[in-house]
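# Working through the structure, step by step
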Amino acid sequence: CAAGMVLSVLVVLLLSVLYEALKMGKALLLRRALLALPRSLSQEALTDSQEGDTDPAQGSPSVLGFPILSRRWFRYHVGQTLFHVVQVVLGYMVMLAVMSYNAWIFLGAVAGSTLGYFV
């Protein structure tokens, strides 16, 4: 029975490490998505409308005249959504394990979160 307990603690530890890794992956994906956008859409729209030039969306089938960037942004957003769903599921699994009120499982979750954040 001790081997089963050690295995349970290791599984919870690994789930916690994976949870922290997903948090960092989601932040990295968000940074890439923000870098995929133009520097300032609102400033560009304001300067174009103040100059009296043609509307940036006119004659362009895409939103705000940025066809490639909007599609890239959509892909990043879908990726972030999937990361979020997996992160929530893992978080609930770790929470349910901790709710077993077993001190070793709790310590495995804490050690896994610490190790995952450190790495």
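- Named according to an unreviewed UniProt entry, the protein chain is Copper transport protein originating from Pachyramphus minor.
- Under the UniProt heading Sequence similarities (unreviewed entry), the note attached to the protein chain is "Belongs to the copper transporter (Ctr) (TC 1.A.56) family. SLC31A subfamily."

## Considering the packing of helix 1 (residues 2-36) against helix 4 (residues 103-118)
- Their axes nearest at 7 Å, the elements helix 1 and helix 4 cross at an angle of 35°. Crossing of helix 1 against helix 4: the hand is right-handed. Every residue of helix 4 that contacts helix 1 at Met5, Ser8, Val9, Val12, Leu13, Ser16, Val17 and Glu20 is listed here: Trp104, Ile105, Gly108, Ala109, Ala111, Gly112, Ser113, Leu115, Gly116 and Tyr117.
- Classifying every residue of the contact of helix 1 with helix 4 gives eleven nonpolar, six polar and one charged.

## Looking at the nonpolar core
- If you look at the biggest cluster of nonpolar residues, it comprises nine residues: Val9, Val12, Leu15, Leu22, Leu90, Val94, Ala97, Ile105 and Ala109.
- Broken down by secondary-structure element, the contributors of at least two residues to this core are helix 1, helix 3 (67-98) and helix 4.
- Looking at this core element by element, the count peaks at four residues for helix 1.
- Apart from residues no more than four positions distant in its own chain, alanine 97 is found in contact with Val12 and Ile105.

## As for a nonpolar patch on the surface
- The grouping of Val88, Tyr92, Met95, Leu96, Met99 and Tyr101 at the surface amounts to a nonpolar patch, some 680 Å² of accessible area in total.
- For methionine 99, the location among the structural elements is in the loop between helix 3 and helix 4.

## Some words on the side chain of serine 16
- Within the secondary structure layout, serine 16 lies in helix 1.
- Serine 16 gets classed as buried once you look at its relative accessible area, which sits at 2%.
- Look past the residues within four positions of serine 16 in its chain and what remains in contact with it is Val94, Gly108, Ala109, Gly112 and Ser113.

## Observations concerning the pattern of salt bridges
- If you walk through the whole model with that rule in mind, you get one salt bridge.
- Residue glutamate 20 pairs with lysine 23 through a salt bridge whose shortest N-O separation is 3.4 Å. With glutamate 20 and lysine 23 both in helix 1 and three residues apart, this pair spans about one turn of that helix.
- Under the relative-accessibility criterion, glutamate 20 is labelled buried at 7%.

Reading the values: rules and limits
Each chain has its residues counted from 1, following the order in which its sequence is written. This being a predicted model, a pLDDT of at least 70 is required before a residue's local features are given, and a value of 80 or more before pairs of side-chain atoms are given or counted; all residues contribute to the totals for chains, interfaces and linings. Hydrogens and waters are ignored; side-chain quantities use all the structure's heavy atoms. UniProt positions are given in the numbering used here, feature names are shortened, and annotations may be inferred rather than shown by experiment. Only the stretch in contact is used when a helix axis is fitted, and all axes are lines through C-alpha atoms; the angle between N-to-C directions ranges over 0 to 180 degrees. Put simply, DSSP H or I for four residues or longer makes a helix, DSSP E for two residues or longer makes a strand, and each gets a number counted from the N terminus. In a left-handed crossing the near helix is turned counterclockwise from the far helix by less than a right angle, and in a right-handed crossing that turn is clockwise. Residue contacts follow a heavy-atom distance rule, with two residues in contact if any of their heavy atoms lie within 4.5 Å. We call Asp, Glu, Lys and Arg charged. Ala, Val, Leu, Ile, Met, Phe, Trp, Tyr, Cys and Pro are nonpolar, and the rest, Gly among them, are polar. For our purposes a nonpolar core is just a set of buried Ala, Val, Leu, Ile, Met, Phe, Trp, Tyr and Cys residues, chained together by side-chain atoms within 4.5 Å. Accessibility here uses a 1.4 Å probe with only protein chains present; expressed as a share of the type maximum, an area under 20% marks a residue as buried, one over 50% as exposed, and anything in between as partly exposed. Patch membership is restricted to residues that have no salt bridge and whose relative accessible area is over 30%. Joining uses 9 Å for like charges and 5 Å for the nonpolar side chains Val, Leu, Ile, Met, Phe, Trp and Tyr. Here the open area of atoms and residues is found with the Shrake-Rupley method and a 1.4 Å probe, where only the protein chains shown may cover a residue. Just to be clear on terms, a salt bridge is a Lys or Arg side-chain nitrogen sitting within 4 Å of an Asp or Glu carboxyl oxygen.

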